[in-house]
Amino acid sequence: MDLIPKAQRDMLFQRRKEELEHLSKPLKISCYATSIWDETLYNAWSKIMSLLIPNVGQLKDKLQKFADHINADEVLLFEKATFLVVAHHMRREHSDPHRFEKISNIIKQFKIELQQNAKLLQIY
């Protein structure tokens, strides 16, 4: 999508999506217009990850109960290796659509720092 002029992106995406949906019948598919320059790629992979987990509905129910119990505005569950969002529950609307990716990046950086500190401790 990055190489397509902005004015043509939606039209071309819809056309390609319709073609793929037609070719894949009777299967139902999902298509995502993504870019390497914004959060769309992260969001698409998070949705795909969520679809691959068989009990994601149960996880969402548990997150809702947990959020209610601790009176949290929002609770997220990340996949361990990629830090993609597997499930979340939101009790209050948030204005930042990029917050999942931001939180994921913060956790990744924290994990890297912990690993570096652990290596330093092993030296001594």
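To start, this report covers the structure provided alongside it.

Criteria and thresholds
- Residues numbered from 1 in each chain as written.
- Predicted model: local features only at pLDDT ≥ 70, side-chain atom pairs only at ≥ 80, totals over all residues.
- Heavy atoms only, no water.
- Helix = DSSP H or I, 4+ residues; strand = E, 2+ residues; numbered from the N terminus.
- Rg over C-alpha atoms; globule rule 2.2 N^0.38 Å.
- Buried < 20%, exposed > 50% of the residue type's maximum accessible area, 1.4 Å probe, protein only.
- Contact = heavy atoms within 4.5 Å.
- Areas by Shrake-Rupley, 256 points an atom, 1.4 Å probe, with all protein chains shown as cover.
- 1 Å grid on protein atoms, 1.4 Å probe; cavity = no way out; pocket = protein on both sides within 12 Å on 5 of 7 lines; lining within 4 Å.
- Points joined across faces, edges and corners; volume = space filled by probe spheres on them.
- Nonpolar A, V, L, I, M, F, W, Y, C, P; charged D, E, K, R; others polar.
- Expected span 1.5 Å × (residues − 1).
- Pairing = 2+ DSSP bridges.
- Polar contact = N/O pair within 3.5 Å; in protein donor to acceptor, adjacent residues only side chain to side chain.

Assigned secondary structure in the protein consists of four helices and two strands. Seen in sequence order, the protein has helices and strands lined up from the N terminus as α-α-α-β-β-α. Since a compact globule built from 124 residues should have a radius of gyration of about 14 Å, the 19 Å found for the protein marks it as more spread out than a globular shape. Expressed as lengths along the three principal axes of its C-alpha atoms, the size of the protein is roughly 60 × 35 × 30 Å. Split into buried and exposed, the 124 residues of the protein put 22% on the buried side. For the protein, the share of sequence-separated contacts (at least 6 apart) that also reach a separation of at least 24 residues comes to 42%. Element-wise, carbon and sulfur atoms account for 59% of the exposed surface of the protein, whose accessible area totals about 9900 Å².

In this structure, the largest pocket spans a volume of roughly 290 Å³. Taken together, 13 residues form the lining of the largest pocket, with N43, S46, K47, H88 and F100 sitting closest to its centre. When residues of the lining of the largest pocket are traced back to their parent elements, those giving at least two are α2 (40-52), β2 (85-90) and α4 (99-123). In terms of residue class, the lining of the largest pocket is made up of five nonpolar, four polar and four charged.

In this model α2 runs 19 Å from its N-terminal to its C-terminal C-alpha over 13 residues, within 8% of the 18 Å that 1.5 Å per residue would give. Within α2, burial applies to Y42, A44, S46, M49 and S50.

On to the pairing of strand β1 (residues 74-78), then. Alignment of β1 against β2, held across five bridges, turns out to be antiparallel. For L77, the partnering residue across the bridge sits in β2 and is A87. Here β1 folds back onto β2 in antiparallel fashion, the turn holding six residues, of which F83 has a positive phi close to 60°.

Before going further, it helps to spend a moment on the environment of S35. Note on placement: S35 falls in the loop between α1 (6-23) and α2. Taking the C-alpha atoms as reference points, S35 and D2, 33 residues apart in sequence, are found 5.8 Å from one another. A distance of 3.0 Å separates a polar side-chain atom of S35 from the backbone nitrogen of W37.

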